[in-house]
Amino acid sequence: MLASSSSKLSHATLVHRYPPSKLHSEEEMSDTVFSSDENEMNYKRENVTHKDDENLQCEEFEETPLYAAILTYLSYAILCLFGWLRDFLRNSNIEKKRGAVDPNAALGFVPLYQSYESFYTRNMYTRVRDIFNRPIASVPGAQFELTERISDDYNWTYRYTGKTINAINLGSYNYLGFAEKSGPCATDAINALKTYGVSSCNTRIELGTQRYHVELEQLLANFLHVESSIAFGMGFATNALNIPAVASKGDLILSDEMNHISLILGMRLSGASYQTFAHNDMKDLEAKLRAAIVHGHPRTQRPWKKIIIVVEGVYSMEGSICRLPELIALKKKYKAYLYMDEAHSVGAMGKNGRGIMDYFGIDANDVDILMGTFTKSFGSAGGYIAGKKSLIDHIRVNSHANTYASSMSAPVVQQIISSLQLLKRPEGQKRICQLADNTRYFRQKLVDMGFIVYGNKNSPVVPMLIYMPARVTRFNREMLRRGIAVVTVGFPATKLLDARVRFCISAAHTRQMLDTALMAIDEIGTDISLRYSTRHQSRRLREL
Amino acid sequence: MTLNDHPTFLRHKLSYTYKNCHWKTMLSYIRRFFKFIHWLYLQYLLNTALYMLEPWERLLFSTLLFAILSTALYSALVFLPHHVRSMIQFYS
């Protein structure tokens, strides 16, 4: 029974220390981007011997320290007080209103929106807006150029100085390093542009299907070891418009509580009933499945037409990986369907880059609907759905994304085709190994230094927790001053207490770049005391 | 904080150019003390979210905090001995 393994792997407490011998062997690997064949073979052999279920699923989510929680609430209380003061000053016309204002209020119209710009946006987000949404000025590879912007009035308006800042990129979803402007993929894309032009000027159903679309779908189906696949132009729309094609009124959708907004939008659009289960908690899911099958629809008591479980491969805010073996067992036992969103995991996880299926060594036919995006690992844009031929044929006819969206552009498709073909060759395998090596090195160093890092030790998304809003802004600004661009996320995207910085490791990062980043994190972490962890001892980088 | 104020850079600069001068090491202690005070001020700003506020708001909050704390301290210093003595008398 699967409950025996799921009871051990509960969500908050399992800690596996990294065996020290393996760490030393990793640090002997070379500093170049593509390690030599011999090292790669050694790595592959080690990889195979350590693949047991417990080691694959070890995740750590340390609890929030009490003083951090108190100080975070205190910070938000003070920000709230000053927000009320500033709003009072603005409303009584002592201070000028800088945000969006309803133009028709004076003419006696009913207000169009409840509040033009919310309290949070006006008083907390705008004060530190310069750390979010920075425009970039080059291809987002391992190093890139940021446009420099200066604000004279506390981030209400910006002026661009015209200069650019060269920074190490720890924020782009460039897992396999395909975001390059030169190389085989880029040359192929330029040739495709010259052959086929930019747009196909039609939808897939009418005259918009070109031979590169067919080639892409065949290649993708072979890559993932499934029967058939279909590709769309936008990853968000793939979720939002295809869940209504497979689910409808009278179905039940059980989704993880940390699912992406595109999945939630698709669920709402479909008209099916949905319930959420606790993040990665298989016991909760099983209880809800049993209750759903036994009781049926809450109002009419009729049995559900079908039950779909929606999970993600790698959760981008938590860095955790879904428990696929247990999910497959549950799905087969209760005859439910499984929809897995592999946006961040396809290309990045697994020995051959096939995603979570490859990572756990599970047959691809066990998951009913596989979804993924091309934006993250393939350096392109768009999304796909893969599965049995009957499913894909149904989607081809019934999905709005296929019948109304214009088909994917030629250079975009060619980039994906070239990167898929590259992944089969040894050069692609080197990228996958480099990504795995970078991920484990970076994560292990952060954890050893005493920072709280969430998630599975193999996921390339590394969220490090900084609880207080002021520390988040200071961290971001200091990292930029040292030439490293990171993405920090705060309240609406995460819970109020858990503001964090999310590092996205790439195969294009060299060991040197990671070391620079680690030294900067070490220094800033000491300056603003970010070493919250009580499970791991706090150490400086020079002691490691 | 410019690159020249960076702690390790300054320390290296001092150790390479002024090796055995006692008054220069005393200067480094004073510099470290001021750096410590700056670090404490930074902690105060970060933990109370004053780091995100404008300078006049920081002044307002710090003034209020100082006023409240100093009033409490003054009252404690003036009235506590008498209170404690009268409580001891009441209970004995």
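Predicted model, so just to flag it, every value in this text is computed and none were measured. (Residues numbered from 1 in each chain as written. Chains lettered and ligands numbered in written order. Predicted model: local features only at pLDDT ≥ 70, side-chain atom pairs only at ≥ 80, totals over all residues. Heavy atoms only, no water.)

A. Spatial organisation of the UniProt feature "domain: Aminotransferase class I/classII large" (unreviewed entry) in chain A. In the UniProt entry, the feature "domain: Aminotransferase class I/classII large" (unreviewed entry) is given for residues 167-521 of chain A. As annotated, residues 167-521 of chain A has a helix share of 45% and a strand share of 16%, and its two end C-alpha atoms lie 15 Å apart. (UniProt positions renumbered as here; feature names shortened; annotations may be inferred. Helix = DSSP H or I, 4+ residues; strand = E, 2+ residues; numbered from the N terminus.)

B. The arrangement of helix α2 (residues 22-47) of chain B in detail. Helix length check: α2 of chain B (26 residues) gives 37 Å between terminal C-alpha atoms against 38 Å at 1.5 Å per residue, within 8%. Looking one or two places after α2 of chain B, you find Ala49 of chain B, whose phi comes out positive at around 65°. (Expected span 1.5 Å × (residues − 1).)

C. Seen up close, the state of the cysteines. Residues and elements named next belong to chain A. Using the criterion set out here, one finds zero disulfides over all chains in the structure. No disulfide involves Cys433; its sulfur sits 18 Å from the nearest other cysteine sulfur, which is in Cys185. The closest cysteine sulfur to the non-disulfide-bonded Cys504 is located on Cys322, 18 Å from its own sulfur. (Disulfide = S-S within 2.5 Å.)

D. Layout of a nonpolar patch on the surface. Residues and elements named next belong to chain B. Where nonpolar side chains cluster on the molecular surface, the patch consists of Ile30, Phe33, Phe34, Phe36, Ile37, Trp39 and Leu40 and spans about 680 Å² of accessible area. Following the sequence through the fold, Ile30 ends up in helix α2. Ile30 sits in the partly exposed class, given a relative accessible area of 40%. (Patch = residues over 30% accessible without salt bridge, like charges linked within 9 Å, V, L, I, M, F, W, Y side chains within 5 Å. Areas by Shrake-Rupley, 256 points an atom, 1.4 Å probe, with all protein chains shown as cover. Salt bridge = Lys/Arg side-chain N within 4 Å of Asp/Glu carboxyl O. Buried < 20%, exposed > 50% of the residue type's maximum accessible area, 1.4 Å probe, protein only.)

E. Highlighting the interface of chain B and chain A. Taken together, the contact between chain B and chain A spans 19 residues of the former and 27 residues of the latter. Between chain B and chain A, roughly 2,100 Å² of surface is buried when both sides are summed, and carbon and sulfur atoms account for 62% of that area. Contact with chain A buries area across many residues of chain B, yet Asn47, Tyr51 and Met52 of chain B alone supply 30% of it, more than any other trio. A salt bridge links Arg86 of chain A to Glu57 of chain B, with the shortest nitrogen-to-oxygen separation between them at 2.7 Å. Along the contact surface separating chain B from chain A lie nine residue pairs in polar contact (both at pLDDT 80 or more). (Contact = heavy atoms within 4.5 Å. Buried area = accessible area lost by both parts, 1.4 Å probe. Polar contact = N/O pair within 3.5 Å; in protein donor to acceptor, adjacent residues only side chain to side chain.)

F. Seen up close, the domain arrangement of chain B. Residues and elements named next belong to chain B. Split by domain assignment, chain B resolves into domain 1 (8-52) and domain 2 (54-91). Every contact between the two is made by six residues of domain 1 and, on the other side, five residues of domain 2. In total, domain 1 and domain 2 occlude about 440 Å² of area from one another, counting both sides; carbon and sulfur atoms represent 55% of this. Counting across the interface, domain 1 meets domain 2 through zero salt bridges. (Domains from an automatic or database assignment.)

G. Molecular detail of the domain arrangement of chain A. All names here are of chain A. Domain boundaries assigned for chain A yield domain 1 (71-131), domain 2 (143-177 + 427-543) and domain 3 (184-424). Relative to domain 3, the C-alpha centre of domain 2 lies at a distance of 29 Å. With 25 residues of domain 2 at the interface, the matching set in domain 3 holds 22 residues. Buried area between domain 2 and domain 3, both sides added, is near 1,900 Å², and the carbon and sulfur share of it is 59%. At the surface where domain 2 touches domain 3, the tally comes to one salt bridge. Run the count over domain 2 and domain 3 and you get nine residue pairs in polar contact (both at pLDDT 80 or more). Only α18 (426-449), β11 (455-456), β12 (461-465) and β15 (500-504) provide two or more residues apiece to the side of domain 2 that touches domain 3.

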